[in-house]
Amino acid sequence: MRPQWFRLDNAALIFPAVMRRGWNNAFRLSATLSEPVDPALLRQAAEDLRARFPSFFVRLRWGFFWYYLEQTEAPVTVREEYAYPLTHMSRRELGESCLRFFCYGNRLAVEFFHSVTDGSGGMVFLKNLCARYLTLRFGISVPAEDGIVALSDPPQPEELEDSFLRHCGQRPLRSTLSAAVHLRGTVEPDGFRHLVCGTVETAALRAAAQGFGVSVTAFLAAVMAEAIIAMQRERTPLRAWRPVRITVPVDLRRLYGSATLRNFALTLDVGVDPRLGDYDLPALCRQISHQLKAEAVPQKLSGRIAENVNPQRNPILRAMPLFIKTPVMRMVYAARGEKGGCLNVSNLGETALPEVMRAYVRRFDFVVGVQLTYPNNCSVVSYGGATRINMIRSIRQSELERRFFSRLVELGVPVEIESNRR
């Protein structure tokens, strides 16, 4: 049978075009279990998901006009952790598979090329991988709830759709943000990625956010903005200051009732311009919370979707061969792609599991790789009363993490730190 293939969704189109040697857009999700992971059983669990999740077991291909994803029947390989998270996925590797499976001690992990899915879609995949593994390992029966699906059911059409095309607005809403400050530092010459994980009690984090009258995401973004403002003030002359904005991905599934497992998120750049005056943390919380609430509404987001989708529908662009289209997309990304923000604060929120799984799964972690021009990134996930805040960086300097986590402690949110620092 001929392999099934998938057009890249609207968000995924840019990633193959802008990837560079040593960089591409990928993220990692992992689960820590109560007992050591058996690599052979994990491999079998992944294979058992293949028919139910066809859009994940794919490789990157390119035709005359567009990149696309093609199903691969190559056997799953489970690797022992051998280096830092999110090592570079080369074009050659992506031509074989867009997923990686790892295990180390009690931890199992999946790394996703971002053209396959986003964090929310990846979490559905990881939870089902855990459910299948636990079924094979312990013989438990996991009900189809909290994101777990019946593997005997066929893939649902809505899981495979490009929801950007379905929910595109009639009029594009253009973004005109000026360039934000970008952090700088000494880049690790061998591509090493430093990872610092801060674990906090979810209840304490929520209480701190509620004390400022904002959501956890707005609170974390405000604390991050406060740290970057202080760093810019100390390092940069006033005449060279720039706005400080945090890039916050918004999962569109809840707003539009979508069940897609492909990409369906947009990013909002929220923050302040410190050249206009000083902002304390309460003011930052208010500003960022108001901006998120004002921008994360279906009417505006549909216009943002239209701004991204309309070029894809342009007959001239569609007719361009890929070797011309790729440099055009690179130029557009260089001019606009990461200009508006300083770094991501990507919060997956609370992860729920069926009760039968909870005794076996101790924690989840979410790590978004550094961007092309962002040497730092922050990703967040909560489970079982604990929130893991993972900060990754490609530079040696750890000042941002130190300021950020120290400020949380000052605000009454104790932090337990882990690091892969070498």
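Given the structure is predicted, the values throughout are model-derived calculations rather than measurements.

The rules behind each value
- Residues numbered from 1 in each chain as written.
- Predicted model: local features only at pLDDT ≥ 70, side-chain atom pairs only at ≥ 80, totals over all residues.
- Heavy atoms only, no water.
- Axes fitted to C-alpha atoms, helices over the stretch in contact; angles between N-to-C directions.
- Helix = DSSP H or I, 4+ residues; strand = E, 2+ residues; numbered from the N terminus.
- Parallel < 35°, antiparallel > 145°, perpendicular 65-115°, else oblique.
- Left-handed = near helix turned anticlockwise from the far one by under 90°.
- Contact = heavy atoms within 4.5 Å.
- Nonpolar A, V, L, I, M, F, W, Y, C, P; charged D, E, K, R; others polar.
- Pairing = 2+ DSSP bridges.
- Core = buried A, V, L, I, M, F, W, Y, C linked by side-chain atoms within 4.5 Å.
- Buried < 20%, exposed > 50% of the residue type's maximum accessible area, 1.4 Å probe, protein only.
- Salt bridge = Lys/Arg side-chain N within 4 Å of Asp/Glu carboxyl O.
- Expected span 1.5 Å × (residues − 1).
- Bend = angle between axes of the 7 residues up to and from the residue.

Visitor: What's the story with the packing of helix α7 (residues 216-235) against helix α9 (residues 281-295) in this structure? I'm lost.
Guide: Packed helices, taken two at a time, are described by their axes: the angle between them and the distance between them. The geometry of α7 relative to α9 is characterised by a closest axis approach of 9 Å and an angle of 125 degrees between their N-to-C directions. Classified by the angle their axes make, α7 and α9 are oblique. Between α7 and α9 lies a crossing of right-handed hand. On α9, the residues that touch A218, F219, A221, A222, V223, A225, E226 and I229 of α7 are L281, L284, C285, I288, S289 and L292. Each residue belonging to the contact of α7 with α9 can be placed in one class, and the counts come to 12 nonpolar, 1 polar and 1 charged.

Visitor: Could you clarify how one ought to interpret the sheet that holds strand β9 (residues 244-251) in this entry?
Guide: In sheet architecture, strand pairing relies on hydrogen bonds along the backbone and comes in two forms, parallel and antiparallel. As summarised here, the arrangement of the 7 strands in space is β10-β9-β11-β13-β14-β8-β15, forming an open sheet in which the pairing is mixed. Bordering the open sheet on either side are β10 (265-272) and β15 (416-419), each of which pairs with just one other strand. For this sheet, the mean angle separating the axes of adjacent strands, direction not counted, is 20 degrees. As paired strands, strand β11 (residues 343-350) and strand β13 (residues 376-383) are joined by 4 bridges and run parallel to one another. Counterpart to E350 in the pairing with β13 is S382.

Visitor: Is there a simple way to think about the nonpolar core in this case?
Guide: One broad trend across soluble globular proteins is that nonpolar side chains are buried collectively. Ranked by internal contacts, the top residues of the largest apolar core, which has 68 residues, are F56, F101, L108, F125, L126, L129 and F364. The element that contributes the greatest number of residues to this core is helix α4 (residues 119-138), accounting for 8 residues. The next biggest cluster of nonpolar side chains, apart from the first, holds 59 residues, and it includes V214, V272, I305 and C378.

Visitor: Teacher, can you tell me more about the pattern of salt bridges here?
Guide: Opposite charge on two side chains lets them pair, provided their charged atoms get close. Applying the stated rule across the entire model yields 28 salt bridges. With a shortest N-O distance of 3.8 Å, R61 and E70 are connected by a salt bridge. Within the structure, one salt-bridge network assembled from shared partners comprises R28, R79, E81, E93, R100, R107 and E111.

Visitor: Even after reading the chapter, I still don't get the environment of A334, so can you show me in this structure?
Guide: Here A334 shows up in helix α12 (residues 322-337). On the basis of relative accessibility, which here comes to 61%, the residue A334 falls in the exposed class. Between the C-alpha atoms of A334 and G412, which are 78 residues apart in sequence, the distance is 40 Å.

Visitor: How should unusual backbone geometry be read in this particular structure?
Guide: Most peptide bonds are trans, and most residues other than glycine sit at a negative phi. If you check the backbone angles, L86 has positive phi at about 60 degrees while not being a glycine. Along the chain, L86 falls in the loop between β5 (78-80) and α3 (91-94). Assessed through its relative accessible area of 11%, L86 is described here as buried.

Visitor: Teacher, can you tell me more about the sheet that holds strand β2 (residues 26-33) here?
Guide: Read from one edge of the open sheet, 5 strands run β5-β6-β7-β2-β12, paired in mixed fashion. Only two strands of the sheet have a single partner each, and these edge strands are β5 and β12 (361-368). In this sheet, adjacent strand axes meet at a mean angle of 25 degrees when their direction is disregarded. As defined by bridge partners, β2 adjoins β12 across 7 bridges and the pair is classed as antiparallel. When the bridges of β12 are listed, L33 appears paired with V361. Each of β2, β6 (99-104), β7 (107-113) and β12 is contacted by α4, which is oriented at about 30 degrees to β2, the strand it contacts most.

Visitor: Even after reading the chapter, I still don't get helix α10 (residues 298-313), so can you show me in this structure?
Guide: An α-helical segment advances 3.6 residues per turn. Residues three or four places apart therefore align on the same side. An ideal rise of 1.5 Å per residue puts 22 Å on 16 residues; α10 measures up with 21 Å between its terminal C-alpha atoms. In α10, a bend of some 30 degrees at E307 exceeds every other bend along the element, and P311, a proline, comes one to four places later. Every buried residue of α10 is accounted for by L301, S302, G303, R304, I305, A306, E307, V309 and Q312. Summarising the contacts, the buried residues of α10 are in contact with α5 (163-166), α8 (253-256), β10, α9, α11 (315-319) and α12.

Note that all results are geometric; they support no functional claim without further evidence.
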